[in-house]
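Now for the letters of each chain:
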Amino acid sequence: MTRILHLSDTHLMAAGALHNGLVDTTAALGHVLESLHGIGSLDAVVVSGDVSDDGTVASYTTARDLVGEFARSHGAVAVFAMGNHDTREQFAEVLGPVRSVHDVDGFRVVVLDSSVPGRGYGFLDPEQLDRLRRELATPAVRGSAVVLHHSPVRAPTVLHEALKLQNPDELLDALVGTDVRVVLSGHYHHHAAQTYPSGLTALVAPGVANRSDPFAAHGQERILRGHGALLVEVDDAGTVFSSVLSIPSPGDGEELFVLDEETVQRIAAEAGVPR
């Protein structure tokens, strides 16, 4: 059994800075990890993008130190993926290559970079997909997982629809007939899961920084205080088990802010696919 703690959207900031002026995301990540101290042995701790919000070396150092120490104490490797808020140069300086492959006791974790510099949407170019196919052409001993920030799972809100992965079908086609059991992603700040006719499972982790409300008024984006994670287990037969880990904390469910329709459309125009 391979056990993975799946975190996403930590949105870390340089010391003293608050995410959106409201949330101490370094404290939030520390609280999440401390709350999960008794989770037992793990094989990997995965952070599926938006590791940083401000792109500073200091924020990536915080991620490396906090997540790395937690992973080591649970017998696991720490795995990080790029998100749309991350900056490649600083990410690579502290955390290593933005695309990577990890062998976790015979279980392979392939990390992709779905970010598009200066934009919020995701895209996987043909070269990256070709490299993925070549990597997966040789099966791993115990199967594989793919990690990327932008999910192939359908978007839960109008804003995330504008900032979604642009070519999910190309990713899914590249995984057909391979030993990939599960795709781990984030971006939505809300848990979601989807299965495909091939038997593949795609999971979206809740956000560490905050939660998005999929039941906000259509066209708006409503952000709530709250933190979460996933425990993902893959047995040797390839069956995927997933448990949502809701982390109790003061102010759970408190409304942090709401983006009205005009603001959502402006962000979509600025960060979405150019017309």
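Residues numbered from 1 in each chain as written. Predicted model: local features only at pLDDT ≥ 70, side-chain atom pairs only at ≥ 80, totals over all residues. Heavy atoms only, no water.

1. Quick notes on the overall build of the protein chain
Check the secondary structure of the protein chain and you find seven helices and 14 strands. Looking at the 275 residues of the protein chain, the share that counts as buried comes to 55%. Sequence separation of at least 24 residues holds for 72% of the intrachain contacts in the protein chain that already meet a minimum separation of 6. Carbon and sulfur atoms make up 51% of the accessible area of the protein chain, which amounts to about 11,600 Å² in all. Placing the 19 positive and 36 negative side-chain charges of the protein chain at their respective mean positions leaves the two points 4 Å apart. (Helix = DSSP H or I, 4+ residues; strand = E, 2+ residues; numbered from the N terminus. Buried < 20%, exposed > 50% of the residue type's maximum accessible area, 1.4 Å probe, protein only. Contact = heavy atoms within 4.5 Å. Areas by Shrake-Rupley, 256 points an atom, 1.4 Å probe, with all protein chains shown as cover. Lys, Arg positive; Asp, Glu negative; His and termini not counted. Charge placed at Lys NZ, Arg CZ, Asp CG, Glu CD.)

2. Examining the sheet that holds strand 4 (residues 100-104)
Ordered in space as 4-5-6-7-9-8, the six strands form an open sheet in which the pairing is mixed. Edge strands, defined here as strands with exactly one partner in the open sheet, are strand 4 and strand 8 (192-195). This sheet shows a mean twist of 15 degrees between the axes of neighbouring strands, independent of strand direction. Most of the contacts of helix 4 (residues 126-136) go to strand 5 (residues 107-111), to which it runs at about 175 degrees, and overall it touches strand 4, strand 5, strand 6 (144-147) and strand 7 (180-185). (Pairing = 2+ DSSP bridges. Axes fitted to C-alpha atoms, helices over the stretch in contact; angles between N-to-C directions.)

3. Regarding the pairing of strand 4
For strand 4 and strand 5, the ladder comprises five bridges, and the chain directions are antiparallel. Within strand 5, the residue paired with Val104 across the bridge is Phe107. With antiparallel pairing between neighbouring strands as the criterion, strand 4 and strand 5 make up a hairpin whose turn holds two residues, including Asp105 at a positive phi of roughly 50 degrees.

4. Focus: the sheet that holds strand 14 (residues 255-259)
Strand order in the open sheet made by the three strands is 10-11-14, with antiparallel pairing throughout. At either end of the open sheet lies a strand with only one pairing partner, and these are strand 10 (211-212) and strand 14. Two strands pair when backbone bridges link them, and strand 11 (residues 221-224) and strand 14 are joined in this way by four bridges, in the antiparallel orientation. Bridged to Ile223 within strand 14 is Phe257.

By themselves, these figures tell us nothing about what the structure is for.
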